[in-house]
Amino acid sequence: ADTAGDNFIALQAPTVLTSDVTFTLPGADGVANQVLATNGAGQLGWVYGSAALANYRVHAYVGTDQTLLSSGTETVQFNAEVFDPNNNFDVTTFTYTAPLAGIYAVTVNVSCNSVGTGNRRINLIKNGLPLTGFSVTAFGTVGVPLTLSGFVPLVAGDLVRVDYTGLINDSI
């Protein structure tokens, strides 16, 4: 009831209920933009809703062509951004820092131009190690497109970058 005792908030069960259900509320209030979510076993907790998560989207790109000085692997230098409202992407280390635990949708597009014919590959790197299943290889010379897309589980503080493997003088 409110302080005057006139009004109250109620939670109501559905009209038909086939078994007992217990929901356990969190012990404290959430923060702005959080919503209640269930773990599937009746425990409720505060999580960020989709509107809040929009603030963690990043669109970075290679603003100046990057040329490999030798054959091998280098971090893709995504050194410019279209948007990054919470500064989670560092354009000097070319690394994204996950602000929250969750499942992140990742899409990477890299195009390579070269005079040499051979395999080119991009890998998604998490905390310094390649992520299994997050690699794509293409064969060719001019305009070799490499696209990687998927969902990556991250915890707060995880670092993510993209590595490129190619030939000397490849331009990405």
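Note: the structure precedes this text.
Attention in this report is confined to the structure presented alongside it.

Reading the values: the criteria
- Residues numbered from 1 in each chain as written.
- Predicted model: local features only at pLDDT ≥ 70, side-chain atom pairs only at ≥ 80, totals over all residues.
- Heavy atoms only, no water.
- Helix = DSSP H or I, 4+ residues; strand = E, 2+ residues; numbered from the N terminus.
- Buried < 20%, exposed > 50% of the residue type's maximum accessible area, 1.4 Å probe, protein only.
- Contact = heavy atoms within 4.5 Å.
- Pairing = 2+ DSSP bridges.
- 1 Å grid on protein atoms, 1.4 Å probe; cavity = no way out; pocket = protein on both sides within 12 Å on 5 of 7 lines; lining within 4 Å.
- Points joined across faces, edges and corners; volume = space filled by probe spheres on them.
- Nonpolar A, V, L, I, M, F, W, Y, C, P; charged D, E, K, R; others polar.
- Core = buried A, V, L, I, M, F, W, Y, C linked by side-chain atoms within 4.5 Å.

1. A closer look at unusual backbone geometry
The phi angle of most residues is negative, glycine excepted, and most peptide bonds adopt the trans form.
Step number 1: Its identity is not glycine, yet F94 carries a phi of approximately 60°, on the positive side.
Step number 2: Inspection of the secondary structure puts F94 in the loop between β6 (89-90) and β7 (95-97).
Step number 3: Taking the relative accessible area as the measure of exposure, F94 reaches 17% and is therefore buried.
Step number 4: We note that N127 has phi near 50°; this positive angle belongs to a residue other than glycine.
Step number 5: Take N127: it is sitting in the loop between β9 (118-126) and β10 (129-140).

2. Examining the side chain of S171
Step number 1: Within the secondary structure, S171 is located in the segment after β12 (159-166).
Step number 2: Here S171 falls in the buried class, since its relative accessible area comes to 16%.
Step number 3: With residues near it in sequence (within four places) discarded, S171 still touches D65, Q66, T67, S111, C112 and N113.

3. Re the pairing of β10
Step number 1: As paired elements, β9 and β10 share eight bridges and run antiparallel to each other. Each bridged residue has a counterpart across the sheet, and for G118 the counterpart in β10 is G140.
Step number 2: Adjacent in sequence and paired antiparallel, β9 and β10 are bridged by two residues, among which N127 carries a positive phi angle near 50°.

4. A closer look at the pairing of β9
Step number 1: Looking at chain direction, β9 and β12 are connected through six bridges and run antiparallel. Within the sheet, the bridge partner assigned to L124 lies in β12 and is V162.

5. Brief notes about the layout of surface pockets
Step number 1: The calculated volume of the second largest pocket comes to roughly 230 Å³.
Step number 2: What lines the second largest pocket is simply L11, Q12, A13, P14, L17, V21, F23, L25 and L44.
Step number 3: A class-by-class count of the residues in the lining of the second largest pocket yields eight nonpolar, one polar and no charged.

6. Comments concerning the nonpolar core
Most often, soluble globular proteins keep nonpolar side chains buried together rather than apart.
Step number 1: Core analysis: the largest hydrophobic core is formed by 27 residues, its most contacted members being V108, V110, I122, L124 and Y164.
Step number 2: Discounting chain neighbours no more than four positions away, the residues touching L124 are V106, L129, P130, L131, F134, L148, V152, V160, R161 and V162.

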